[in-house]
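Structural characterization, general
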Amino acid sequence: MKYKKYYRKTSLKQPGVGEFFLNEIISKKPKIFLEVGVFHGVTGRNVCEVLHKIHGNDFKYIGLDLFEENEENVNEVIPNTSFSNPLKTIYFKYIKRQNPYSIEAVEELLKKFKNNVSLIKGNSNKLLNKIDMAKINYVFLDGGHEYKTVMNDLNCCNKVIQNDGVVLCDDYDLHQAPGVKKAIDEFVASNNYKCSIICNERFAKIEKN
Ligand SMILES: C[S@@+](CC[C@H](N)C(=O)[O-])C[C@H]1O[C@@H](n2cnc3c(N)ncnc32)[C@H](O)[C@@H]1O
């Protein structure tokens, strides 16, 4: 299945990475999917397309993101939201008149699946422990990249793994964010989980042993 970019920015931009990711989802066929770190919603839209092909309307996608830069989250790694392609800048600024990183823009990108989608705006350090993880089958963890945030997010998602689900973490190999690997390695060791480092060491897939 092809990973489409919808004229926006995404972390999974390198050739083959998006397709690798979608094949991981297809192999597990989750019904309730959580993405922590939605950004422009490109991965969210691709996930919804895949889950719709598998389950029809019987699936749910939940996406959590800050959806804005403010003084509270200056330490979080937020990807550069401006485009290098001037046509894309013109498209969003003058034609769509929309910030593609806003919750409204992501809602619009996902509107085809509006009955299946819940978007939440806020910080995972405050909100993730309020989400009922009991029914979630799959988490794509790609939000804050600070050690403390990744550890918080993994602990909040622990129930997903205990219930035979999967937590797929992005950027395990990202040298600019060493806290990601450190938090994952410690979390996996302390819970005695299985951790597969896949896709040229980019993703860490955490499951029950
Ligand atoms: C690497 S981007 C996500 C990319 C997206 N998953 C994709 O595939 O295109 C990281 C996102 O995490 C969000 N983020 C950073 N810290 C966060 C936090 N503490 N809580 C929620 N979202 C956070 C940022 O706003 C940013 O949109």
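Preceding this paragraph is the structure being described.
In this report, we go over the structure that sits alongside the text.

Rules used throughout
- Residues numbered from 1 in each chain as written.
- Predicted model: local features only at pLDDT ≥ 70, side-chain atom pairs only at ≥ 80, totals over all residues.
- Heavy atoms only, no water.
- Helix = DSSP H or I, 4+ residues; strand = E, 2+ residues; numbered from the N terminus.
- Rg over C-alpha atoms; globule rule 2.2 N^0.38 Å.
- Buried < 20%, exposed > 50% of the residue type's maximum accessible area, 1.4 Å probe, protein only.
- Contact = heavy atoms within 4.5 Å.
- Areas by Shrake-Rupley, 256 points an atom, 1.4 Å probe, with all protein chains shown as cover.
- Lys, Arg positive; Asp, Glu negative; His and termini not counted.
- Charge placed at Lys NZ, Arg CZ, Asp CG, Glu CD.
- 1 Å grid on protein atoms, 1.4 Å probe; cavity = no way out; pocket = protein on both sides within 12 Å on 5 of 7 lines; lining within 4 Å.
- Points joined across faces, edges and corners; volume = space filled by probe spheres on them.
- Nonpolar A, V, L, I, M, F, W, Y, C, P; charged D, E, K, R; others polar.
- Phe/Tyr/Trp six-rings, centres within 6.5 Å; stacked < 30°, edge-to-face > 60°.
- Near = heavy atom within 4 Å.
- Polar contact = N/O pair within 3.5 Å; in protein donor to acceptor, adjacent residues only side chain to side chain.
- Salt bridge = Lys/Arg side-chain N within 4 Å of Asp/Glu carboxyl O.
- Core = buried A, V, L, I, M, F, W, Y, C linked by side-chain atoms within 4.5 Å.

On to the overall build of the protein chain, then. What the protein chain contains, in helices and strands, is eight helices and seven strands. Taken against the 2.2 N^0.38 rule, which gives 17 Å for 209 residues, the C-alpha radius of gyration of the protein chain at 16 Å falls within 12% of a compact globule. Taking the principal axes of the C-alpha coordinates as reference, the protein chain spans close to 50 × 40 × 35 Å. Within the protein chain, buried positions represent 52% of all 209 residues. Partitioning the intrachain contacts of the protein chain with sequence separation of at least 6 by distance along the chain shows that 73% fall at a separation of at least 24. Accessible surface, the protein chain as shown: approximately 10500 Å² in total, 50% of it carbon and sulfur. Seen as two clouds, the 31 positive and the 26 negative side-chain charges of the protein chain have centres 7 Å apart.

To continue, consider empty space enclosed by the protein. Inspection of every chain in the model, using the stated rule, returns one cavity of 30 Å³ or more. Here the lining of the largest cavity is built from residues that sort into four nonpolar, three polar and three charged.

Another point: the packing of aromatic side chains. Here the structure, examined in full by the defined rule, presents twelve aromatic pairs. A ring pair is formed by Phe21 and Phe140, whose centres lie 4.6 Å apart and whose planes are at 55°; its orientation type is tilted. Note that Phe21 is positioned in helix H1 (residues 17–28) and Phe140 in strand S4 (residues 138–141), a separation of 119 residues in sequence. On the accessibility criterion, Phe21 (0% relative accessible area) is buried.

This paragraph deals with the site of the ligand. Neighbouring residues of the ligand: 21 residues in total, closest Gly37, Thr43, Asp65, Tyr101 and Asp142. One nitrogen or oxygen atom from the main chain of Leu66 is found 3.4 Å from a nitrogen atom belonging to the ligand. When isolated, the ligand has an accessible area of 590 Å², and the protein chains bury 98% of it. Taken together, the residues of the shell around the ligand break down into six nonpolar, eleven polar and four charged.

On to the side chain of Lys88, then. The residue Lys88 is located in helix H3 (residues 86–95) in this model. Within the buried core, Lys88 has no salt-bridge partner, and the shortest N-O distance to an opposite charge, that of Glu19, equals 14 Å. Residue contacts for Lys88: discarding those within four places in its chain leaves Tyr7, Arg8 and Phe83.

Topologically, Lys29 is positioned in the loop between H1 and strand S1 (32–36). Classification of Lys29 by relative accessible area gives partly exposed; the value is 45%. Separated by 30 residues in sequence, Lys29 and Phe59 place their C-alpha atoms 9.9 Å apart. Apart from residues no more than four positions distant in its own chain, Lys29 is found in contact with Ile54 and His55. Here the side chain of Lys29 touches Ile26 through a polar contact of 3.2 Å, landing on its backbone oxygen.

To continue, consider the nonpolar core. Core analysis: the biggest nonpolar cluster contains 31 residues, and Phe21, Phe33, Tyr61 and Phe203 have the highest contact counts within it. At five residues, the largest contribution of residues to this core is made by helix H2 (residues 42–55). One finds Leu128, Cys157, Phe187 and Tyr193 within the second-largest nonpolar core, a separate group that totals 29 residues.

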